[in-house]
Amino acid sequence: MTLAMSSAAGTPPARNGILLGLLSADPPRSRVLSLLLVAILATLVATPFLIPGSQPIGTAAKICIFILLAASFDLLLGYTGIVSFAHTMFFGIGGYGIAIALNRLGATWTSVAIGLAAALALSAVLAFIIGLVSLRVRAIFFSMITLAVASAMLVLASQLSGFTGGEDGLSFQLPPELRPAFRVLADPVMGIAINGRLLAYYLILFVSLGMFLLLLRIVNSPFGRVLQAIRENEFRAEALGYRVVAYRIAASVIAALAATVAGALLALWLRYNGPDTTLSFSIMIDVLLMVVIGGMGTLYGSVIGATLFVLAQSYLQVLMGTVSGSLAAVPLLASITHPDRWLLWLGILFVTSVYAFPGGIVGRLRRE
Amino acid sequence: MSSSVADTKPGDLPRTPRDWVPLLLVPALMVLAAPLFGNVSSWVTLTTAGLAMGMMIFLMASGLTLVFGLMDVINFGHGVFISLGAYATLLVLGPLAAWGEADSLVLNLSLLGLCILAAMAVTAAVGMLFERVIVRPVYGSHLKQILVTVGGLIVAEQFIHAIWGASPITVALPQTLRGAFVFGDVAIERYRVIAVVIGLAVFGLMHLVLNRTRIGLLIRAGVENAEMVESLGYRIRRLFVSVFVAGSALAGLGGVMWAFYRQTLTAGMGMDVMVLVFIVIIIGGLGSIGGCFVGSLLIALTANYVGFLAPKLALVSNILVMALVLIWRPQGLFPVNRQ
Amino acid sequence: MAEAILTLEGVHTHIGPYHILQGVSFGIARGELTMLLGRNGAGKTTTLRTIMGLWQASSGRITFDGREITASATPDIARSGIAYVPESMGIFTGLTVRENIVLAARSGPVDPARLDWILGLFPALRRFWDLPAGNLSGGQKQMLAIARAIAEPRRLLLVDEPTKGLAPVMIRSMIEAFQALKAAGETILLVEQNFHAASVLGDRAVVIDDGRVAHQGPMSELVADTDLQQRLLGLSMDTHQ
Ligand SMILES: Nc1ncnc2c1ncn2[C@@H]1O[C@H](COP(=O)(O)OP(=O)(O)O)[C@@H](O)[C@H]1O
Ligand SMILES: [Mg+2]
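All of the points below concern the structure found in this document.

## Some details on the coordination of the magnesium ion (ligand 2)
Residues and elements named next belong to chain C. For the magnesium ion (ligand 2), the protein coordination sphere consists of Thr45 (OG1) and Glu87 (OE), at 2.0 to 2.5 Å. Placement of Thr45 in helix α1 (residues 44-51) and of Glu87 in the loop between β6 (82-85) and α3 (97-104) is noted, with a sequence separation of 42 residues between them. For Thr45, a relative accessible area of 25% corresponds to the partly exposed category. Accessibility expressed as a relative area gives 26% for Glu87, which makes it partly exposed.

## Some remarks on the packing of helix α14 (residues 281-294) of chain A against helix α17 (residues 342-356) of chain A
All names here are of chain A. One way to put it is that α14 packs onto α17 with a least axis distance of 9 Å and a crossing angle of 45°. The angle between the axes of α14 and α17 places the two elements in the oblique class. Relative to α17, the crossing made by α14 is left-handed. Contact with α14, carried on its side by Leu288, Leu289, Val292 and Ile293, involves Leu343, Leu346, Leu349, Phe350, Ser353 and Val354 of α17 and no other residues of that element. Counted by class, the contact of α14 with α17 contains nine nonpolar, one polar and no charged residues.

## Topic: the interface of chain A and chain B
Facing the 42 residues of chain A at the interface are 42 residues of chain B. Between chain A and chain B the total buried area reaches about 3,500 Å² when both faces are included, carbon and sulfur atoms providing 81% of it. Between the two partners, chain A and chain B, sit zero salt bridges. Our count for the chain A to chain B interface comes out at two residue pairs in polar contact (both at pLDDT 80 or more). A total of 13 residues in the side of chain A that touches chain B trace back to one element, the largest contributor, which is helix α7 (residues 139-159) of chain A. By residue class, the composition of the side of chain A that touches chain B is 32 nonpolar, six polar and four charged.

## Describing the sheet that holds strand β2 (residues 18-29) of chain C
All names here are of chain C. Strands sit in the order β2-β1-β4-β5 across an open sheet of four strands; the sheet is antiparallel. Either end of the sheet is taken by a strand with one partner, and the two such strands are β2 and β5 (67-68). Sheet analysis places strand β1 (residues 4-15) next to strand β4 (residues 57-64), joined by six bridges and oriented antiparallel. Its bridge partner lying in β4, Leu8 is registered against Ile62.

Parameters and conventions
- Residues numbered from 1 in each chain as written.
- Chains lettered and ligands numbered in written order.
- Predicted model: local features only at pLDDT ≥ 70, side-chain atom pairs only at ≥ 80, totals over all residues.
- Heavy atoms only, no water.
- Donors = N, O, S within 2.8 Å, 3.2 Å for Na, K, Ca; no water.
- Helix = DSSP H or I, 4+ residues; strand = E, 2+ residues; numbered from the N terminus.
- Buried < 20%, exposed > 50% of the residue type's maximum accessible area, 1.4 Å probe, protein only.
- Axes fitted to C-alpha atoms, helices over the stretch in contact; angles between N-to-C directions.
- Parallel < 35°, antiparallel > 145°, perpendicular 65-115°, else oblique.
- Left-handed = near helix turned anticlockwise from the far one by under 90°.
- Contact = heavy atoms within 4.5 Å.
- Nonpolar A, V, L, I, M, F, W, Y, C, P; charged D, E, K, R; others polar.
- Buried area = accessible area lost by both parts, 1.4 Å probe.
- Salt bridge = Lys/Arg side-chain N within 4 Å of Asp/Glu carboxyl O.
- Polar contact = N/O pair within 3.5 Å; in protein donor to acceptor, adjacent residues only side chain to side chain.
- Pairing = 2+ DSSP bridges.

As structure tokens, then:
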């Protein structure tokens, strides 16, 4: 039992080694957490076959994408100790890159590549410039300036409607291999058609998983350790000869690139991109909630946070509807338990977790 | 000029000249922009709109910059006080709707005055609570301050939704404050004049308090060196709480002015202007009231001019102004010497 | 030794993970000028900051005028009658010279006779009275910092390296000012790197080394004992005339 808690339990040494290698020697370090993670991964892999229907698979794809988005945000928030409000801007750039390219250049894989490459380049340049202007002076400027730049971008995206589709966003066709009509196998497996839609889902799942493992590798690399040293004590790190600003800028560029990929995946899944699906400020708040409630500075926290959040978004509101209905006689109580007020409760949970559980859910589980 | 150097004795350092350049930016912008419009009337309209908006932004931003200067505390939830101030007008406009309809300048202005009083009272009270519950536990950590104040913002906005509903509410400007003063073909909206007058009055009052009263001296001293203020025997915490509460009340006042300017209330309206507020306090130099004033006018005038000439670029132009200022002076127009 | 107004008993101070003061004990007699000496980094500034409550002592006792102040907040310590001139002087550069002094007088307007006496000690301040203190030279700032500390009568002055970085002529007038303060009966704890100044001014000397008190006794004893000077203060002190 005690042994099981300290490492990935019960697996033979060789497999254990491979697994640890995949996880960059940074295992979950909690039995419950490991079980949760395995359960989440298994469910995500099996969703199309376990729970047929278009809504569950859509929720699953969203979970994959938000895990990647939250994990990349955690690289900044948890590992580097700086708060960006422009993370969904990069998410949006990824989405618009794909949407604009596929919309303009036709539904081919080349368009996907061009759109993604252009989006990545734009994100990298923007992240670099923002970092250079703000982090050079004071880390606190970074938060304010990212907020300003992100809202300017939001306005710009809705005003350059000829290019971005404005408020309506852009719909587009996917390359043929990702369309529902495309059959990988002629016959259904377990009653499920193996079509392009399914292919798109697994593409998203595996790209997200791969990117997540890559982020895990980055935070456990010497580079990641310097980031954490800076987070702990900026002045000491500077005294040890690390160029704090350079490291912070690099982290912010990497996080921006990962967010761009996540945005591209979301656009591919929805066959649409618009201000409300990727750019909006409320998504930024969602991501903040996911990372803090899941547990900052652990990456696994992002998995738990994003999964819980997306599920809650889909199902908690139903629960609150029931509670609110039963409290209809008490006006204020009824209105604060109204499903539209679910952000109120998340907000309270968020503030409490910053005070009381700075390690979030993962921090809690690891202390058990 | 040269005589002041001549009459100092050898061994004295020559006096550092006062820093006038940033003060010239606002008039320079107004003059340089003029030829772009072709006619006087649109220039006058846009300039008064810019000045009015600048005053409102100044009201909203001044408290935030002092709070930062004094205790190194950054409040991302400051926008709540703007929204709350705006919604607090409903407490007055509901029962006294008739005063707004009346064709009497006295009644109309009294109504506006009562709205302001109500808003400042509500936001001061909530500000005290916010400082106590949200901000106090997280001194010393910017990261936690940002997270917790954003959390406070979410919760407070949701409460506004719960109390007043989630859909936008329209508010009407009192009867005699509508319309414009017309001089030939130049029209100046009345409400903008009122906004400028109120903004200037508050700025003047603030200037007096900061320069002529002991508490003002303590605030200025505390922004420079809080530790030394404590070593002289003053409790900086108390000072900070009063500045926080006053700053919240000023944001509430700004919220009222903003509400009548837009004539629509939404819970997110505070957060929307916060973007400009942050740009302003960065441009001005964190902790500097003078910089905050100049920055507000600069940003609001630019936004109005560009909004007219190239509407799509209005917000982007503010980012550009900010970038230019930071390239010129990385710590803002009036950097505060902090120790 | 006469009656002690301030005593430190076994004071330890940690700054973050570093253990800086490692059991500092000494006393300061009423009406005397005590020199706090020691090499760079010995812990002199840390001692003054711990007395003022700007760093919190992790153990030990500090008593002032019969009251324990070990865990008191800085403003309360200041209000009990201690004035502090930090090494960085702590001048409010955006305030005028007058405003700096007005703030230092907590209980109201500065007594005109006292102000005359202070401005007599530091005549330069009179000339710059209504100018921002940021315009003052380093020596003038130091004068303002001390003027601020004595704007109202206090029971103890803590002064950290008032001659640091000053020109010789300035050092001389600073020494004269301290002699005048002594004559007025002030109790002073003075940190000084300039051994000449220390030997002229000090009644007693406390030498700190590596966070501990390495020697204490009459200043004259230390002045006479060059061996002790060499060992505790290092050679650099002698060249520092
Ligand atoms: N803020 C700080 N953080 C860490 N160490 C400090 C700090 N301030 C002083 N120290 C260390 O404490 C020791 C004593 O410093 P200090 O009291 O300033 O010495 P002195 O005034 O005698 O020159 C030095 O080794 C110094 O490096
Ligand atoms: Mg020192």
